[in-house]
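So you can see what is in the structure, the chains are spelled out below.
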Amino acid sequence: MKSKRVLAGAATALAVLGGYALWPASAASSDARSRTDEQVHTLVQAMTLDEKISFVHGSTDPESRGQAGFIPGVKRLGVPPLRLTDGPAGIHLKEKATAMPAPVALASSFNDRLARDFGKVIGRDGRALGQDVLLSPMTNIIRVPYGGRNFETFAEDPLISSRMVSQEISGIQGEGLMATVKHFVANNQERDRQTLDAQVGEQMLREVELPPFKAALTSGASAVMCAYNKVNSVHACENDELLNHVLREQWDFEGWVMSDWSATHSTKSLSKGLDQEMPLGNYLDAPLKKAIADGSIPQRDVDASVTRILTQMNHYGLLACATPDGPQEGCALPERPKPAGDMGARIAQRVAEQGAVLLKNKQDTLPLSTRSGSLAVIGQPAQKPVIGGGGSSEVIPNTVTAPLDEIRKRATGAVAYQPGLDLTGTRIPEGALEPAFPADGIDLGYGEEKTFTSQLTVKTGGLYTFNVSAPQSVSLLTIDGTDVLRGSRNKAARGAMQLKPGTHEVKLQLRAIRSTDHVQMSWVTPEAVAADRAKAVEAARQAQTAVVFAFDEGTEGFDRTSLSLPFEQDKLIDAVTRANPNTVVVLNTGSAVTMPWLNRVKAVLNMYYPGGMGGRATARLLYGQANPSGRLTQTFPTSEEHTPVAGDPSAYPGRDGVVTYREGVDVGYRWYDKTGTQPLFPFGYGLSYTSFSYSHLTVQPSRKGLDVTLRVRNTGERTGSDTPQVYLGPDSSWQGQQPSKALAGYTKVTLKPGQQRTVRIPVDQDSLRHWNASTHQWDTSRGARTVWAGSSATQLPLHARVHLR
Ligand code: BGC
């Protein structure tokens, strides 16, 4: 069944993209398709135990292209190797690929079709670059605004996440690349990520965190990656309940479960539902062989895991040449396409444009026009564009467009540029650091550890920023015993610390984990920051309009410790607005940030991390060649004191390694609504250069759930796209915890000025159910419920009451 679905996807891809044949023309009748699951079985039987074990843990690829994982295959039988690569925003290798916008930007487009295209680009590039399995999409819920990987995932709401993940997977797999949905499950923060125990109620899991995974599997995802953390005290990668019971028994998952990188903790994991230990074998290698020999793990568990992996390979045509008697003559593996190329760039740009969220636009300051006069463009991301976040989702972009160049192409008046904040920095002078950091850097052998200790003396107090470039190492810089920066294979890890005048203890610890390394360090002094800021303020004073690009450096591995813009950019923006009240802020940030300067600026355009085509998309939006239509998929709080986890360390970041999901199903906007907490910007919110009105709400119970219709009208003067949203109020007949409003449907509609359309927004039966934690089953809504419709979680002008029987 599943192979047919994959094929259908591939056929559409060909038709739509007019691209290259993914499989030979005779593919439909080729060995790849005709090999049955029974033949997979005989293949497994023909394998030695060592050959079988080689599938259940990763190895080193002698011909690596820089991908994260490798399975060698069995040459003797014609089973090819498997190459597994990240990731969520494009193919992460040592080679160039299409750098897509961050998935959170994709989700903000609320455009399901675009999610499929997004997946197609990554699928195409991945296959073209020699890969077989993609370690993406990530679909964990955004639970806390601090989450280091919020940019890599979709939303704080399960419905939008589910729709994005299933479409994206269809796109990826339609190109012949297997998708791995990750990180299963309750992997919602980076702080203590390897050891954290997430205590999550059953209802929250079933209603919020699990549905996107279920949607991914329904869409045919080949693999699931289990998470680093524990779920209710049991490691996610040996969680019998979640892996064997939920995934396999309840959801009929036929693909395989691989561990996150070094998330395996025991050999018995294999019997608890894990099929593959990555990236190498510590438990499912020699210890597994021993466990089989002494009978503590039955051989059939290994056979089952290998069968699952091979079955997926078979569905993708990868066993076309494999037989129990050895490689078959005259057969062909699926052809590899050319990379996504121009098509990739076009889609990347479209996602960046449609995912951008216009947060504020007073006095129609945007779009820019001749009326805007001369411009001062401020901020390093204008010139050195922010492409994506850090960690395994990083991509070496094959195309980069810089906002500044693209603005200059469109501007009618003068354009001045100032970085405002230069974080490249300079070498710390000998007088300040005793002993000095070696002028030609520190060299490390592979695996070598070194510690550099020194005394830093500063005359001025203030914020000092340090950069450590250690592309092959893990690094930790502490000053006076406080962590300043941690880097893991970063070309430039940065961290800042307030220093008082005087002498401070500096300690830089390094360990080369990938290969030999050459490490450099630099700093940025408060004097340098002040000088850059002064130049920016002067440029702003002389221009009619100031456009400030602000950024953060969100990365896997670390949560943010503050919701403020880093490196005192709030001060920079504030200073610019004092010199020029006509200020526009463009955000290149990965998740919610606070905006103490919001009342002082005219407009804010949130681009997130917009990928390689982000520069062009930004300029097109600023100049009105594209009309913003993105909507927030996460709430932006007014301050750190007003978040769902404020003031309770047990809710975040956790106490003694345990984090308690005390909010239950009231994640994100649901918590704000229930507690009456005012957000800075609500979930679902986003402006346009035009405006929309809603009327004529109708709600009818249908066989599949509810049929909701409403009329949307473009009341402004430009063509634009709107995302009308439907939320469900609580069920009067149900006693358990219920959100006061939960997103239950949405659609995206493009309208010309004055045009109106009646849109249909079906509400699925799934949105009408509750998980009953006492009976461990779904209960269906039987009472009265309010159905709300409008433009965001807090702007819901229409409502109707419906009685469900
Ligand atoms: C990340 C995964 C990633 C893997 C391989 C892990 O550290 O958590 O998301 O796929 O590394 O790079």
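Note that this is a predicted model, so its numbers are computed, not measured. (Residues numbered from 1 in each chain as written. Predicted model: local features only at pLDDT ≥ 70, side-chain atom pairs only at ≥ 80, totals over all residues. Heavy atoms only, no water.)

Under the criterion given, the structure shown has 2 disulfides. A sulfur-sulfur separation of 2.0 Å characterises the disulfide bridge that pairs Cys-226 with Cys-237. Between Cys-226 and Cys-237, the S-S dihedral sits near 110°, and the bridge is therefore right-handed. One end of the pair, Cys-226, is in strand S7 (residues 223-226); the other, Cys-237, is in the loop between strand S9 (234-235) and helix H10 (240-250), and 11 residues separate them in sequence. Residue classification places Cys-226 among the buried residues on the basis of a relative accessible area of 0%. Across a sulfur-sulfur distance of 2.1 Å, Cys-321 and Cys-331 are joined as a disulfide pair. Negative torsions about the S-S bond denote left-handed disulfides, and the value of about 125° found for Cys-321 with Cys-331 makes this one right-handed. Taken together, the positions of Cys-321 in the loop between helix H12 (299-315) and helix H13 (341-355) and Cys-331 in the loop between H12 and H13 put the pair 10 residues apart, joining distant regions of the chain. (Disulfide = S-S within 2.5 Å. Helix = DSSP H or I, 4+ residues; strand = E, 2+ residues; numbered from the N terminus. Buried < 20%, exposed > 50% of the residue type's maximum accessible area, 1.4 Å probe, protein only.)

Another aspect to go through is unusual backbone geometry. Here Asp-86 and Gly-87 are connected by a cis peptide whose omega angle stands at 5°. Counting through the fold element by element, Gly-87 comes out in the loop between strand S2 (82-85) and strand S3 (96-97). Each neighbour pair has its own omega, and for Ser-136 with Pro-137 the value is 5°, a cis peptide bond. Looking at the element boundaries, Pro-137 is found in the loop between strand S4 (133-134) and helix H7 (158-174). Of note in the backbone geometry, Asn-232 takes a positive phi value of approximately 50° without being a glycine. By secondary structure assignment, the location of Asn-232 is in the loop between strand S8 (230-231) and S9. A relative accessible area of 33% places Asn-232 in the partly exposed class. Not every positive phi belongs to a glycine, and Ser-233 is a case in point at roughly 75°. You can see Ser-233 is positioned in the loop between S8 and S9. A relative accessible area of 46% means that Ser-233 is categorised as partly exposed.

Further remarks concern the confidence of the model for the chain. A residue-level look at the chain finds 96% of positions with pLDDT of 70 or above and a mean pLDDT of 94. Taken as a whole, residues 1-34 scores under 50 in pLDDT and shows 57 contacts with residues more than four places along the chain or in a different chain. (pLDDT = per-residue confidence, 0-100. Contact = heavy atoms within 4.5 Å.)

Our focus in this paragraph is the sheet that holds strand S37 (residues 784-790). The strand order across the open sheet formed by 4 strands is S32-S31-S37-S38, and the pairing between neighbours is antiparallel. Where the open sheet ends on each side, the last strands, each with one partner, are strand S32 (742-746) and strand S38 (798-803). Neighbour-to-neighbour, the strand axes of the sheet open up by a mean angle of 30°, direction not taken into account. Across 4 bridges, the pairing between strand S31 (residues 725-728) and S32 is antiparallel. For Tyr-727, the partnering residue across the bridge sits in S32 and is Leu-743. (Pairing = 2+ DSSP bridges. Axes fitted to C-alpha atoms, helices over the stretch in contact; angles between N-to-C directions.)

Looking at chain direction, strand S17 (residues 449-458) and strand S20 (residues 502-512) are connected through 10 bridges and run antiparallel. Residue pairing for S20: Thr-457 is matched across the bridge by Thr-503. Pairing of strand S18 (residues 462-479) with S20, which is carried by 7 bridges, proceeds in the antiparallel orientation. Each residue of the ladder has a partner; that of Ser-473, found in S20, is Ala-512.

Before going further, it helps to spend a moment on the environment of Arg-560. Structurally, Arg-560 can be placed in the loop between strand S22 (545-551) and helix H17 (569-579). With 178 residues separating them along the chain, Arg-560 and Gln-738 place their C-alpha atoms 30 Å apart. Once you skip the residues sitting within four places of it in the chain, Arg-560 turns out to touch Pro-145, Tyr-146, Asp-552, Ser-591, Ala-592, Val-593 and Tyr-652. At a separation of 2.7 Å, a polar atom in the side chain of Arg-560 contacts the main-chain carbonyl oxygen of Pro-145. A distance of 2.6 Å separates a polar side-chain atom of Arg-560 from the backbone oxygen of Ala-592. (Polar contact = N/O pair within 3.5 Å; in protein donor to acceptor, adjacent residues only side chain to side chain.)

A word on the packing of aromatic side chains. Scanning the entire structure with this criterion turns up 14 aromatic pairs. With a centroid separation of 6.4 Å and 45° between ring planes, the pair formed by Phe-466 and Trp-523 is classed as tilted. Of this pair, Phe-466 sits in strand S18 while Trp-523 sits in strand S21 (residues 517-524); the two residues are 57 residues apart in sequence, bridging distant segments of the chain. Across the pair, Trp-523 and Phe-466 agree in class, each one buried. Among the aromatic side chains, those forming a connected cluster through ring pairs are Tyr-464, Phe-466 and Trp-523. Residue placement shows Arg-143 over the ring face of Tyr-661; its charged tip is 4.0 Å from the ring centre. Sitting over the ring of Trp-771, Arg-206 keeps its end group 4.2 Å from the ring centre. (Phe/Tyr/Trp six-rings, centres within 6.5 Å; stacked < 30°, edge-to-face > 60°. Lys NZ or Arg CZ within 6 Å of the ring centre and 35° of its normal.)

Where S18 lies against strand S19 (residues 482-499), 14 bridges are found, and the strand directions are antiparallel. Bridging from a neighbouring strand, Val-468 pairs with Ala-493 of S19. A loop of 2 residues connects S18 with S19, the two strands running antiparallel in sequence, and Asp-480 in this loop sits at a positive phi of about 50°.

Turning our attention to empty space enclosed by the protein. Following the criterion strictly, the structure yields 8 cavities of 30 Å³ or more and no others. Looking at the largest cavity, its volume works out to about 90 Å³. Its residues placed into classes, the lining of the largest cavity shows 6 nonpolar, 3 polar and 2 charged. (1 Å grid on protein atoms, 1.4 Å probe; cavity = no way out; pocket = protein on both sides within 12 Å on 5 of 7 lines; lining within 4 Å. Points joined across faces, edges and corners; volume = space filled by probe spheres on them. Nonpolar A, V, L, I, M, F, W, Y, C, P; charged D, E, K, R; others polar.)

Next up on the list: the site of the ligand. Around the ligand, the structure places 13 residues, and the nearest of them are Asp-86, Arg-149, His-183, Tyr-228 and Asp-260. In this structure, an oxygen atom belonging to the ligand sits 2.7 Å away from a side-chain N or O atom of His-183. With respect to the ligand, the side chain of Asp-260 contributes an N or O atom lying 2.7 Å from an oxygen atom. For the ligand, the accessible surface in isolation is 310 Å², of which the surrounding protein chains cover 92%. Grouping the amino acids of the shell around the ligand by side-chain chemistry returns 5 nonpolar, 2 polar and 6 charged. (Near = heavy atom within 4 Å. Areas by Shrake-Rupley, 256 points an atom, 1.4 Å probe, with all protein chains shown as cover.)

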